[in-house]
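Below are the chains, spelled out letter by letter.
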Amino acid sequence: MNHSLPSAGAPHESDLPPYQVVLAETDWDSLQTAFGSGEDLPGVLARLLEPDPKVQVSALSELGELVGHQNTIYEATAPVAMYVAGILTHPAAMTLRPYRDVPIRATLLDWLVSAAYDASDEIVGRTERYFPGFLTPGTVVAAFRDLRPMLYRAVAPFLRDSHEDVREAAVVAALILAEHPALAGHRDQLAVHARAILDTSGDDPNRRVARKALEAWGHDVPDPEPFREEPWDWGPHSDGRGDLEPPF
């Protein structure tokens, strides 16, 4: 795989490449991360498939620092997101997280939520006000946003997952990814899932994503809830660190 990202504005109807191909054919050394090149990323990504869930969660935390530091999209963020999306169906994704009866798959989806949110219309719209040209075709963020249809197709099979945490994480990821114009035809069905989050979820960031999606797509929503106004780095983020400690 060439390390250059697809040009902005081009629809991406192809399937996600196999995670093995992403790992082997990406020129990681040439890609920027928060702390230099991506030379260490293949080892970190490989640890996501380890049988020890603590190793998996630690690897996701490390990825959050390398390609999501300060809520920034780096050159290496796109292939990492493709790899994470590509292993959602891997048996290792069904490992239960430490101290919680929740599959690692939910944490992988939460990681994708975080990356998608950092490239969402809301966040890039704010940034564009201060840094015009932020979304110029060919920029790192614009190219990452072009991947949203491909990432959506990897997430969509879990919208009706039997596990509540997996299902909710998949819905939140899908709601953010569906901002891409090519996914507009999925929004009415996604609205049903968004309402389910408003009806059942106790997670305020996830409820906020659901409400904003419904409002943006012209759906009626219940009376506004007193959501706290978020700073720029607030959103549906989960780096997994809390999964390494027992709940108290």
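Refer to the preceding data block for the structure.
Predicted model only: the values in this text are computed from it and were never measured.

Enquirer: I tried to follow the overall build of the chain on my own but got confused; where do I start?
Expert: When helices and strands are counted, the chain shows eleven helices and two strands. When its helices and strands are written in sequence order, the chain yields α-β-β-α-α-α-α-α-α-α-α-α-α. Residue burial in the chain is summarised as follows: out of 248 residues, 48% are buried. A fraction of 67% describes how many contacts in the chain between residues 6 or more apart in sequence connect residues 24 or more apart.

Enquirer: Would you explain empty space enclosed by the protein in this entry?
Expert: Left-over empty space is what a probe sized like a water molecule reveals as it rolls over the atoms. Under the counting rule described, the total for this entry stands at one cavity of 30 Å³ or more. Roughly 30 Å³ of internal volume is contained in the largest cavity. What lines the largest cavity is simply L112, A116, F144, L151 and L177. In terms of residue class, the lining of the largest cavity is made up of five nonpolar, no polar and no charged.

Enquirer: Help me out: how do you make sense of the pattern of salt bridges in this one?
Expert: Between side chains of opposite charge, pairing is possible as soon as their charged atoms come close. Counted according to the given criterion, the structure contains five salt bridges. With its nearest N and O atoms 2.8 Å apart, the salt bridge here joins R47 to E62. Residue R47 is located in helix α2 (residues 41–47), and its partner E62 is located in helix α3 (residues 53–68); the two are separated by 15 residues in the primary sequence. Overall, the relative accessible area of 30% leaves R47 in the partly exposed class. Residue classification places E62 among the partly exposed positions, given a relative accessible area of 33%. Notably, a salt bridge pairs R208 with E122, separated by 2.6 Å at the nearest N-O pair. Taken together, the residues span a long stretch of sequence, with R208 in helix α11 (residues 204–216) and E122 in helix α6 (residues 121–130) at a distance of 86 residues.

Enquirer: Can you help me understand the side chain of R105 in this one?
Expert: Inspection of the secondary structure assignment puts R105 in helix α5 (residues 104–118). It is D161 that comes nearest to the buried, bridge-free R105 among opposite-charge side chains, at 4.1 Å. If we skip the residues at most four places from it in the chain, R105 touches L88, T89, H90, A93, M94, F158, D161 and V166.

Enquirer: How should the nonpolar core be read in this particular structure?
Expert: The tendency in soluble globular proteins is for nonpolar side chains to be buried side by side. L63 and W111 are the most contacted members of the largest nonpolar core, which has 72 residues in total. Setting aside residues up to four positions removed in sequence, L63 forms contacts with L41, V44, L45, L48, G68, V80, V84 and W111.

Enquirer: Would you mind going over the packing of aromatic side chains with me for this structure?
Expert: Two measures describe an aromatic ring pair: the distance that separates the ring centres and the angle between the ring planes. Across all of its chains, the model carries one aromatic pair by this definition. Ring geometry for Y19 against Y83: centres 5.7 Å apart, planes inclined by 90°, an arrangement best described as edge-to-face. Here Y19 is found in helix α1 (residues 19–25), whereas its partner Y83 is found in helix α4 (residues 77–86), with 64 residues between them in sequence. Comparing Y19 with Y83, the two get one shared label, buried.

The rules we used
Residues numbered from 1 in each chain as written. Predicted model: local features only at pLDDT ≥ 70, side-chain atom pairs only at ≥ 80, totals over all residues. Heavy atoms only, no water. Helix = DSSP H or I, 4+ residues; strand = E, 2+ residues; numbered from the N terminus. Buried < 20%, exposed > 50% of the residue type's maximum accessible area, 1.4 Å probe, protein only. Contact = heavy atoms within 4.5 Å. 1 Å grid on protein atoms, 1.4 Å probe; cavity = no way out; pocket = protein on both sides within 12 Å on 5 of 7 lines; lining within 4 Å. Points joined across faces, edges and corners; volume = space filled by probe spheres on them. Nonpolar A, V, L, I, M, F, W, Y, C, P; charged D, E, K, R; others polar. Salt bridge = Lys/Arg side-chain N within 4 Å of Asp/Glu carboxyl O. Lys, Arg positive; Asp, Glu negative; His and termini not counted. Core = buried A, V, L, I, M, F, W, Y, C linked by side-chain atoms within 4.5 Å. Phe/Tyr/Trp six-rings, centres within 6.5 Å; stacked < 30°, edge-to-face > 60°.

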